[in-house]
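Coordinate inspection notes
Listed below are the residues making up each chain.
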Amino acid sequence: MTYKELSKVAVEEWRAVEGPELARVTIGTGTCGRAAGAELVLASIRTALAELGIDARVDETGCLGLCYAEPLVELQKPGGPRILYGAVTDDKIQDLLRAFFCEDDLRPDLAQCVMNQRSVDGIPAFEDLPTRGLRYMPVIDAAGRLCGIIGRRDIVGYFIKTIDADTVS
């Protein structure tokens, strides 16, 4: 694949993250997520989406630096905020998905934060969390800048870092 082709794919992928046309569910399946049960939650997410008839893209991502709150699941409707939920268990995921996608209930009582904008319905913005882990210290390495946002095996997603920010917007 040429640089130009990879660039085009990366921009399209990034737009799908920032403004999805399809509902999106992201789960952290890094080491800390797996240790906390993320693989079981991931299987339950796929089952629940099918049972509820929700057409959604399901992505896996790495650690956000909130290891104490794993398994972390982020939910987003097209045009809506990205809401991050912590300590999600396989027995509670169907109720959370139903509330969020079918009943328009963001479940602020279960939410950790809003990922892509300021607070919503009393849910704090990610930047406003009192503790965000060592991952978000002022110096962030190039390989980790999008960790927790893009797939942990997604080379195209990491490629987006080489593209001018104006091209992505």
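Relevant structure appears above.
Here we summarise the structure given alongside this text. Within each chain, residues carry numbers counting from 1 in the order of the written sequence. Only residues with pLDDT of at least 70 are given local features in this predicted model, and only at 80 or more are side-chain atom pairs given and counted; all residues enter the totals for whole chains, interfaces and linings. Hydrogens and water are ignored here; the side-chain numbers use all heavy atoms of the structure.

1. Regarding the side chain of D59
Test applied: Runs of H or I in DSSP of at least four residues are treated as helices and runs of E of at least two as strands, each being numbered from the N terminus. The criterion used for residue contact is that any of the two residues' heavy atoms lie within 4.5 Å.
With respect to the element layout, D59 can be found in strand β2 (residues 56-61). For D59, the residues in contact, after removing those within four places along its chain, are R24, V25, T26 and I27.

2. Let's talk about the sheet that holds strand β1 (residues 23-28)
Put simply, the rule reads: We treat two strands as partners when DSSP finds at least two bridges between them. Angles shown run from 0 to 180 degrees and are taken between the N-to-C directions of axes, each axis being a line fitted to C-alpha atoms and, for helices, limited to the stretch in contact.
A sheet is described by the order of its strands in space; here 5 strands give the open sequence β2-β1-β3-β4-β5, paired in mixed fashion. Because the sheet does not close on itself, it has two edges, and the strands there are β2 and β5 (111-114). The sheet shows a mean angle of 20 degrees between the axes of neighbouring strands, direction not considered. Pairing between β1 and β2: 6 bridges, direction parallel. Bridging across to β2, T26 finds its partner in D59.

3. Thoughts on unusual backbone geometry
The omega angle of the peptide bond from E70 to P71 is -10 degrees, so this bond is cis rather than trans. With respect to the helices, strands and loops of the structure, P71 is situated in the loop between β2 and β3 (73-76). One non-glycine residue, A87, lies in the positive phi region at around 55 degrees. When you line up the elements, A87 lands in the loop between β4 (83-85) and α4 (93-102). Even without a glycine there, the phi angle at D104 is positive, about 55 degrees.

4. Description of the packing of aromatic side chains
Stated precisely, the cut-off is as follows: Here is the rule: rings of Phe, Tyr and Trp (six-membered ring for Trp) pair when centre to centre is within 6.5 Å. Planes less than 30 degrees apart are stacked, more than 60 are edge-to-face, and the remainder are tilted. Only protein chains enter the accessibility calculation, which uses a 1.4 Å probe; a residue is then buried when its area is under 20% of its type maximum, exposed when over 50%, and partly exposed in between.
Per the counting criterion, the structure on display carries 2 aromatic pairs. Seen from their ring centres, Y85 and F100 are 6.4 Å apart, and the 85 degrees between their planes marks the pair as edge-to-face. Of the two residues, Y85 sits in strand β4 while F100 sits in helix α4, which places them 15 residues apart along the sequence. Residue classification places Y85 among the buried residues on the basis of a relative accessible area of 0%. Aromatic pair F100 and F101: ring centres 4.9 Å apart, planes at 80 degrees, arrangement edge-to-face. For the pair F100 and F101, one class covers both residues: buried. An aromatic cluster of three or more residues is present, and its members are Y85, F100 and F101.

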